[in-house]
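Structure at a glance
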Amino acid sequence: MIGFNEKDGILHADGVPLSAIAKDYGTPAYVYSAGAIRAQYTALSGAMKAALPENRQPMLCYACKANSNIAVLRVLQQMGSGLEIVSEGELHRGLKAGFDPEKIVSTGVGKQAREIRECLKAGIHQFNVESLPELEHIQQIAAQMGKVAKVVFRLNPNVTGGGHHKISTGRDRDKFGISRERVIEGFEMARDMSHVEALGLSMHIGSQIFTVESFKEAFEKLPDIVGELRELGFAIERLDIGGGFPIIYDDEKLLDLSAYARWVNDIVEPLGTEIIMEPGRYMVGNAGVLLSEVLYVKETKDRSFLVIDAAMNDLIRPTLYDAYHGIEAVSGRDTVMTTYDVVGPICETGDTFSVGRTLPTMKTGDLAVIKSAGAYGFCMASNYNTRPLPPEILVDGDKHAVIRERQSYEDLMGGDIIPDFIK
Ligand code: LLP
């Protein structure tokens, strides 16, 4: 696991023992390795550098829905990354982290007026438009502001590619993107609009895509439609090919980045456009763990439950998507093994991280990590059962710091109001 390795029998994040992190910051806590994030960015940009000519490198726009902590964003901004955002909140985070607005792309099927306005004010690179009513809305707001909105249309390529059906986005039945016919209609509409400039296409077929040929299948739809649009007189200057690269959760074989980069070079590059990519999970997923302490070992007639202090409110992926996450003991790793069901304290049977997982035998107070939790972990956490959001810790070599404090009960409950009529 990049960034997380055993030294002297103890699992470390970079150079820091996770036992020390637990002591300093308590559990449960998300722990990220800055080095691992940088390594992921370098692996992806390096694969593109190796496959595409130097003057045709894609703009990597990190999809910050995967992990939007501002310190994490800063690490990627320093690497030269751009940003993909899906809300006004993500725009504010990106600007706070220092991203150049010219490297920000805005996606999403339900862009709101405020969000469009703030994006125009900041001067973002483009809006990836998901419907024709959205195009009209952007035109209307841009006209009010006296700005010209640069847009591309998100093409729905009708390709099945995502891991779980809940995160597949490129099929006809999905709410995302615009069909080929409608895209042409969009370009025609935009031609007559005063404050919109249509510059190209985008696509994103899903997330944790393991059938790597799905990428190729989707890319192969581009030359034809780009050709048709150009014949109709539309300038196609930008192609945004989305995200979706998988990471390792179990013992999957990692997506062959060089094959992916070759497809970009062979199929997309010859179209002569600017190329944009929107990787999220790949940048941060394997660079984070959820650190947790064993509360109890509960034996029943035929099961051993490891009740830990992290729960489904902290990391919802196992129960929401039946997602597999590796679990490891932080110390005592070479002792005899026991088969456990690893569960959290929440009053739902779904609050289960794994069933029948064989781990070193553990006891109350021992520490464990849930692995590959850097993406879609903290950012999907909730306060269910009135549990405070966990802290986030960033480790960089031997240095470590809290990059988001554990939520206090005051913060958690401070927004609740008892109205006068029931006082
Ligand atoms: N671009 C667009 C338009 C997207 O909708 C997404 C992810 C990405 C880029 C980044 O995809 P990635 O490279 O991370 O696969 N919560 C789910 C994943 C939802 C993905 C949503 N869209 C999970 O925990 O698996």
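Predicted, not measured: the structure shown is a model, and the values here were computed from it.

All right, on to the sheet that holds strand β3 (residues 16–17) then. Read across the sheet, 3 strands follow the order β1-β2-β3 without closing on themselves; strand pairing throughout is antiparallel. The open sheet terminates on both sides in strands that have one partner only, identified here as β1 (4–7) and β3.

Further remarks concern the domain arrangement of the chain. When the domains of the chain are assigned, the result is domain 1 (4–32 + 285–413) and domain 2 (34–283). Relative placement of domain 1 and domain 2: their C-alpha centres are 32 Å apart. Facing the 23 residues of domain 1 at the interface are 24 residues of domain 2. Between domain 1 and domain 2, a total of about 1900 Å² is buried, with carbon and sulfur atoms accounting for 52% of that surface. Taken as a group, Y321, Y324 and Y376 account for 28% of the area that domain 1 buries against domain 2, more than any other trio of residues on that side. Counting across the domain 1 and domain 2 interface gives 1 salt bridge. Among the salt bridges present, the one from R38 reaches D396, with a minimum N-O distance of 2.9 Å.

Packing of helix α3 (residues 70–78) against helix α4 (residues 88–96) brings their axes to within 9 Å, and their N-to-C directions diverge by 60°. One way to sum up the angle between α3 and α4 is to call them oblique. The crossing of α3 and α4 is right-handed. Note on element contacts: α4 touches α3 through R93, G94 and K96, opposite I70, L73 and R74. In terms of residue class, the contact of α3 with α4 is built from 2 nonpolar, 1 polar and 3 charged.

This part covers the sheet that holds strand β5 (residues 59–63). Within the closed barrel, the 8 strands sit side by side as β5-β6-β7-β8-β9-β10-β11-β12. Their pairing is parallel. Along the sheet, successive strands turn relative to each other by an average axial angle of 30°, direction set aside. Relative to strand β12 (residues 274–277), strand β11 (residues 238–240) runs parallel, the two being bridged by 3 bridges. The partner of D240 across the bridge, within β12, is I276. Across the sheet, helix α6 (residues 132–145) lies against β8 (126–129), β9 (149–154) and β10 (196–202), angled at about 175° from β9, the strand it touches most.

Turning next to unusual backbone geometry. Negative phi characterises most residues that are not glycine, and trans characterises most peptide bonds. Cis geometry marks the peptide bond from T27 to P28; its omega dihedral reads -10°. A positive phi angle, close to 45°, is found at D14, a residue other than glycine. When you line up the elements, D14 lands in the loop between β2 (10–13) and β3. In this structure, S372 is a non-glycine residue whose phi angle is positive, near 50°. Within the fold, S372 resides in the loop between β18 (367–370) and β19 (392–396).

All right, on to the side chain of E88 then. Note on placement: E88 falls in helix α4. A relative accessible area of 14% means that E88 is categorised as buried. One polar contact links E88 to H92, side chain to side chain, over a distance of 2.9 Å. At 2.8 Å, the side chain of E88 and the side chain of R114 are in polar contact. Setting aside anything within four residues of it in sequence, one finds E88 in contact with R114, E115 and E118.

Once that is clear, we can look at the packing of aromatic side chains. One pass over the full model with this rule turns up 10 aromatic pairs. Site record: aromatic cluster; members linked through ring pairs are F215, F219, F245, Y260 and Y282.

Quick look at the site of the ligand now. Close to the ligand lie 19 residues, the nearest being S207, E278, R281, R317 and Y376. Measuring from an oxygen atom of the ligand, one finds a backbone N or O atom of R281 at 2.7 Å. The contact in question runs from an oxygen atom of the ligand to an N or O atom on the side chain of Y376, over 2.6 Å. Bound to the protein, the ligand loses 91% of the 580 Å² it would expose on its own. Class assignment for the residues of the shell around the ligand results in 6 nonpolar, 7 polar and 6 charged. Both of domain 1 (4–32 + 285–413) and domain 2 (34–283) provide at least three residues apiece to the shell around the ligand.

Attention shifts here to helix α9 (residues 222–231). Within α9, burial applies to L222, I225, V226 and L229. Along α9, the residues classed as buried sweep out an arc of 100° about the axis, all on the same side. On its buried face, α9 is in contact with α7 (180–191), β10, α8 (213–219), β11 and α10 (257–268). Looking one or two residues beyond α9, the residue adopting positive phi is G233, at roughly 95°.

Scoring rules and cut-offs
- Residues numbered from 1 in each chain as written.
- Predicted model: local features only at pLDDT ≥ 70, side-chain atom pairs only at ≥ 80, totals over all residues.
- Heavy atoms only, no water.
- Pairing = 2+ DSSP bridges.
- Helix = DSSP H or I, 4+ residues; strand = E, 2+ residues; numbered from the N terminus.
- Domains from an automatic or database assignment.
- Contact = heavy atoms within 4.5 Å.
- Buried area = accessible area lost by both parts, 1.4 Å probe.
- Salt bridge = Lys/Arg side-chain N within 4 Å of Asp/Glu carboxyl O.
- Axes fitted to C-alpha atoms, helices over the stretch in contact; angles between N-to-C directions.
- Parallel < 35°, antiparallel > 145°, perpendicular 65-115°, else oblique.
- Left-handed = near helix turned anticlockwise from the far one by under 90°.
- Nonpolar A, V, L, I, M, F, W, Y, C, P; charged D, E, K, R; others polar.
- Buried < 20%, exposed > 50% of the residue type's maximum accessible area, 1.4 Å probe, protein only.
- Polar contact = N/O pair within 3.5 Å; in protein donor to acceptor, adjacent residues only side chain to side chain.
- Phe/Tyr/Trp six-rings, centres within 6.5 Å; stacked < 30°, edge-to-face > 60°.
- Near = heavy atom within 4 Å.
- Areas by Shrake-Rupley, 256 points an atom, 1.4 Å probe, with all protein chains shown as cover.
- Arc of directions from axis to C-beta.

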